[in-house]
Amino acid sequence: MILKWGLNQMTMRNASVIELLNTAKRLGCEGIELRNDLGSPLFDGMSLEQLRDEVKRRGLRILGLAEVYGFNGKDSERIRAEVRHLCAQANSLRSEAIVLIPEIFKNPVDQKDQLNLLRVALDLLKPIIEKSGVIALIEPLGFFNSSLQLKADAVRVLDEMGRPACYALVHDTFHHALSGEVDVFGDLTRVVHISGVDDHNCATHALTDAHRGLVAQSDRLGNLKQISLLRSQGFVGPYSFEAFSPKVHALENPIKALLGSAEFITSALGE
């Protein structure tokens, strides 16, 4: 089975959108993930229709449009408005999904409270998302103070709801490792975010986004094991490079580095 690749805009946050698209094309990616949290002007000032056409011209897909942050917060009016807006943008772009990110607090959130926040949020947003026709991808964050740490909790709530078709999961290899979670839920996963950490001195709970580079031999997150588990559960979607490290953002030749990471992964998996 040949792995499918994606490219998250964060990996090339200092590049233009056109450079992002051209890189994804040269890497043979299935598609890209776009973000609204990288400063302004959004998408270099391109109209959504122009960007949609540039993506289509290169034979790419828009795998997801991120993000609504704090979708499980208590300001329901703000959250509903942001979800409506992101869904409308996704439809204009022909994006296949939007991404929902949980709120980060100063202190840990009790698991019972995490579940209750999620139940309320998913019930609240379900009519909006269903009407839009896009998929909403829930992305648990493994940070100790995240208000949704575990994919298992997201799956529990989705099961209670009868697994509505408008919701699915993002599996992030970094956050999976931070959370200590074992199960991967490949059947509910739509996109996998891959990044590697080569710092073996920092305690796991102290890792931050800045540690997230490309996957290589020195990786401590267990990306290869996670990918193998996902595939064993039938996941056939894209593995999207999502590197937050300033070292990656400063690369003069990101294509070479990304190709090297992809080649390492496929070789190590015996492809």
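Fair warning: this is a prediction, and the values are worked out from it, not measured in the lab.

(A) Quick peek at the pairing of strand β8 (residues 238-241). Of the two faces of β8, the one lined by Pro 238 and Ser 240 and the one lined by Tyr 239 and Phe 241 are each fully buried. Bridge analysis of strand β1 (residues 4-8) against β8 gives 4 bridges, and the strand direction is parallel. When the bridges of β8 are listed, Leu 7 appears paired with Phe 241. Direction of pairing for strand β7 (residues 189-194) relative to β8: parallel, over a ladder of 3 bridges. The residue of β8 that forms the bridge with His 193 is Ser 240. Traced from β7 through helix α7 (residues 223-232) to β8, the parallel crossover comes out right-handed.

(B) Representation of the sheet that holds strand β4 (residues 97-101) within the structure. Taking strand neighbours around the barrel as the criterion, the 8 strands line up as β1-β2-β3-β4-β5-β6-β7-β8 in a closed arrangement whose pairing is parallel. Across this sheet, the average inter-strand angle for adjacent strands is 30°, counted without regard to direction. In terms of strand pairing, β4 meets strand β5 (residues 135-138) through 4 bridges, oriented parallel. Within the sheet, the bridge partner assigned to Ile 98 lies in β5 and is Ala 136. Here helix α1 (residues 17-27) sits on the sheet in contact with β1 and β2 (31-35), set at roughly 165° to β1. Sheet contacts for helix α9 (residues 254-268): β1, β7 and β8; angle to β1, the most-contacted strand, approximately 145°.

(C) Region of interest: the packing of aromatic side chains. Counted according to the given criterion, the structure contains 3 aromatic pairs. When the centroid spacing of 5.3 Å and the interplanar angle of 20° are considered together, the rings of Trp 5 and Phe 241 count as stacked. Of the two residues, Trp 5 is situated in strand β1 and Phe 241 in strand β8; the sequence distance between them amounts to 236 residues.

(D) Structural view of the side chain of Ser 146. Looking at the element boundaries, Ser 146 is found in the loop between β5 and α5 (151-160). A polar contact is formed between the side chain of Ser 146 and the backbone oxygen of Leu 148, at a distance of 3.0 Å. Not counting residues within four places of it along the chain, the set of residues in contact with Ser 146 comprises Pro 102, Glu 103, Ile 104, Val 109, Gln 114 and Leu 141.

(E) Examining the pattern of salt bridges more closely. Applying the stated rule across the entire model yields 19 salt bridges. Glu 181 is the partner of Lys 151 in a salt bridge, and the nearest nitrogen-oxygen pair spans 3.3 Å. Remark: Glu 181 occurs in the loop between α6 (173-179) and β7 and Lys 151 occurs in helix α5; sequence separation between them is 30 residues. Here the salt bridges share partners, and the residues they tie into one network are Arg 35, Asp 37, Glu 67, Asp 172, Asp 209, Arg 212 and Glu 242.

(F) Expanded view of unusual backbone geometry. Here the bond from Ser 40 into Pro 41 is cis, since omega is 0°, no more than 30 degrees from zero. Locating Pro 41 in the fold gives a position in the loop between β2 and α2 (48-57). With an omega of 10°, the peptide bond running from Ala 66 to Glu 67 counts as cis. Inspection of the secondary structure puts Glu 67 in strand β3 (residues 61-69).

What counts, and where the lines are drawn
- Residues numbered from 1 in each chain as written.
- Predicted model: local features only at pLDDT ≥ 70, side-chain atom pairs only at ≥ 80, totals over all residues.
- Heavy atoms only, no water.
- Buried < 20%, exposed > 50% of the residue type's maximum accessible area, 1.4 Å probe, protein only.
- Helix = DSSP H or I, 4+ residues; strand = E, 2+ residues; numbered from the N terminus.
- Pairing = 2+ DSSP bridges.
- Right-handed = clockwise from strand over helix to strand, strands pointing away.
- Axes fitted to C-alpha atoms, helices over the stretch in contact; angles between N-to-C directions.
- Contact = heavy atoms within 4.5 Å.
- Phe/Tyr/Trp six-rings, centres within 6.5 Å; stacked < 30°, edge-to-face > 60°.
- Polar contact = N/O pair within 3.5 Å; in protein donor to acceptor, adjacent residues only side chain to side chain.
- Salt bridge = Lys/Arg side-chain N within 4 Å of Asp/Glu carboxyl O.

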